[in-house]
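Chains, contacts and geometry: an overview
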Amino acid sequence: GEASSRSINRTVASGASSTALRTLDALIAAQPGYADAYDVMGRVQMEQGQLEQALDTFDQACRLTPNSITRLQKQGMLAFMMGDREAAARSLARATLVGSQSKLFDCQSLVLLAFVRFREKDRKALQRCASALASAADRQGAEARVERFRNVVGVLVDLMDRKVAVALGTLRELAGEIGADGFDVEAACNLLTLMAELAAAEIRLEIGRAHV
């Protein structure tokens, strides 16, 4: 139970991941409905680079707790990272449906979901992502992270509406933030994914001397 989970967390923290996995296997076999064990199992598997196994583990946790915002987001984000956009869309859309107003909801979920909707050419669903981000910005104030999310999704909306010049202008602004305070790994990954979408659409962007 909870005491076992705390013990396993201490084992993981000490670096004994293999031991933790064996203990988790035994715990899950004894208590297959104990969702917290799957959370820790997935974290250990990710630390060991076992991403496919971790995705399956997170999926099992979501099945046990289908309305858990954090588990849905964790599963959806990993699915997106691994290229399974269909699975990502299912989990992230569910997380948005049940928890977009919650403090536990991470707006990065809306950005990833927007990438999926753009690839699907679903204009209405993409606009819903943009609207949800606008609502989040209203609730959270002028938070730089959320504003950056809005710009990323805004580029996708403009591209779908064939406002290419506007989209490229916003993208240049995003690229201009490289190296600025707050431009972290998350921001870099979103920018790279956005550029990949442009490349797939055969749109080229000149930033200084570089071409994307």
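Below is a short write-up of the structure. Everything quoted here is computed from the prediction, not taken from an experiment.

1. Quick look at the overall build of the protein chain
A count of helices and strands for the protein chain gives 11 helices and 2 strands. Starting at the N terminus and ending at the C terminus, the protein chain contains elements arranged as α-α-α-α-α-α-α-α-α-α-α-β-β. In the protein chain, which comprises 212 residues, the proportion classed as buried is 43%. Considering only contacts in the protein chain between residues 6 or more positions apart, those separated by 24 or more positions represent 53%. By element, 51% of the accessible surface of the protein chain is carried by carbon and sulfur atoms, the whole surface being about 11,200 Å².

2. A short note on a nonpolar patch on the surface
On the surface, Met46, Met81 and Met82 cluster together into a nonpolar patch covering about 270 Å² of accessible area. Judged by its relative accessible area of 35%, Met46 falls in the partly exposed class.

3. Quick look at the packing of aromatic side chains
By the definition in use, this model includes 1 aromatic pair. Summarising the aromatic geometry, the rings of Phe80 and Phe115 are spaced 6.2 Å apart at their centres and angled 35° between planes, so their arrangement reads as tilted. Taken together, the residues Phe80 in helix α5 (residues 69-81) and Phe115 in helix α7 (residues 108-120) connect sequence positions 35 residues apart. Each member of the pair, Phe80 together with Phe115, is buried.

4. Some words on the pattern of salt bridges
Per the stated rule, a full pass over the model turns up 13 salt bridges. The partner of Glu147 in a salt bridge is Arg150, and the shortest N-O contact between them spans 3.7 Å. Residue Glu147 and its partner Arg150 are both found in helix α9 (residues 144-160); the two are separated by 3 residues, about one turn of the helix. According to the relative accessible area criterion, Arg150 is partly exposed, its value standing at 33%. Members of the salt-bridge network, linked through shared partners, are Asp36, Asp39 and Arg71.

5. Section: helix α8 (residues 123-140)
Taking 1.5 Å of rise per residue, 18 residues should cover 26 Å, and α8 covers 26 Å from first to last C-alpha, within 8% of that figure. In the core, the buried residues of α8 are packed alongside α7 and α9. The first or second residue beyond α8 is Gly141, which carries a positive phi of 80°.

6. Let's talk about the nonpolar core
Note on soluble globular proteins: their nonpolar side chains tend to be buried together. Formed by 49 residues in total, the largest nonpolar core has its most connected members in Phe115, Leu126, Val153 and Leu194. Elements supplying a minimum of two residues to this core: α4 (51-64), α5, α6 (85-99), α7, α8, α9, α10 (164-175) and α11 (185-200). Leu126 has contacts with Ala114, Arg117, Phe118, Val153, Leu156, Val157 and Met160, leaving out every residue within four places of it along the chain. Counting 11 residues, the second-largest nonpolar core is a separate cluster that includes Leu21, Leu24, Ile28 and Val40.

7. Here we look at α7
When the terminal C-alpha atoms of α7 are compared, their 19 Å separation across 13 residues agrees well with the 18 Å that a helix rising 1.5 Å per residue should span. Looking at α7, one finds that the buried residues are Gln108, Ser109, Leu110, Val111, Leu112, Leu113, Ala114, Phe115, Val116, Arg117 and Phe118. In the core, the buried residues of α7 are packed alongside α5, α6, α8, α9 and α11. Downstream of α7 by one or two residues, Lys121 has phi in the positive range, about 60°.

8. A word on the packing of α7 against α9
Two elements in contact, α7 and α9, have axes whose closest approach is 10 Å; the angle formed by their N-to-C orientations is 10°. Considering the angle they form, α7 stands roughly parallel to α9. Counting all contacts with α7, which are made through Gln108, Val111, Ala114, Phe115, Arg117 and Phe118, the residues of α9 involved are Arg145, Phe149, Val152, Val153, Leu156, Leu159 and Met160. Across the contact of α7 with α9, the residue classes tally to 10 nonpolar, 1 polar and 2 charged.

9. A look at the packing of helix α3 (residues 35-47) against α4
Where α3 contacts α4, the axes come no closer than 8 Å and their chain directions differ by 165°. Comparing their axes, α4 and α3 come out roughly antiparallel. When the axes of α3 and α4 are compared, the crossing they make is left-handed. Contacts between α3 and α4 involve Ala35, Tyr38, Asp39, Met41, Gly42, Arg43, Gln45 and Met46 from the first element and Leu51, Gln53, Ala54, Thr57, Phe58, Gln60, Ala61 and Leu64 from the second. For the contact of α3 with α4, the class distribution of residues is 9 nonpolar, 5 polar and 2 charged.

Cut-offs used in this document
- Residues numbered from 1 in each chain as written.
- Predicted model: local features only at pLDDT ≥ 70, side-chain atom pairs only at ≥ 80, totals over all residues.
- Heavy atoms only, no water.
- Helix = DSSP H or I, 4+ residues; strand = E, 2+ residues; numbered from the N terminus.
- Buried < 20%, exposed > 50% of the residue type's maximum accessible area, 1.4 Å probe, protein only.
- Contact = heavy atoms within 4.5 Å.
- Areas by Shrake-Rupley, 256 points an atom, 1.4 Å probe, with all protein chains shown as cover.
- Patch = residues over 30% accessible without salt bridge, like charges linked within 9 Å, V, L, I, M, F, W, Y side chains within 5 Å.
- Salt bridge = Lys/Arg side-chain N within 4 Å of Asp/Glu carboxyl O.
- Phe/Tyr/Trp six-rings, centres within 6.5 Å; stacked < 30°, edge-to-face > 60°.
- Expected span 1.5 Å × (residues − 1).
- Core = buried A, V, L, I, M, F, W, Y, C linked by side-chain atoms within 4.5 Å.
- Axes fitted to C-alpha atoms, helices over the stretch in contact; angles between N-to-C directions.
- Parallel < 35°, antiparallel > 145°, perpendicular 65-115°, else oblique.
- Nonpolar A, V, L, I, M, F, W, Y, C, P; charged D, E, K, R; others polar.
- Left-handed = near helix turned anticlockwise from the far one by under 90°.

That is the geometry; function is a separate question.
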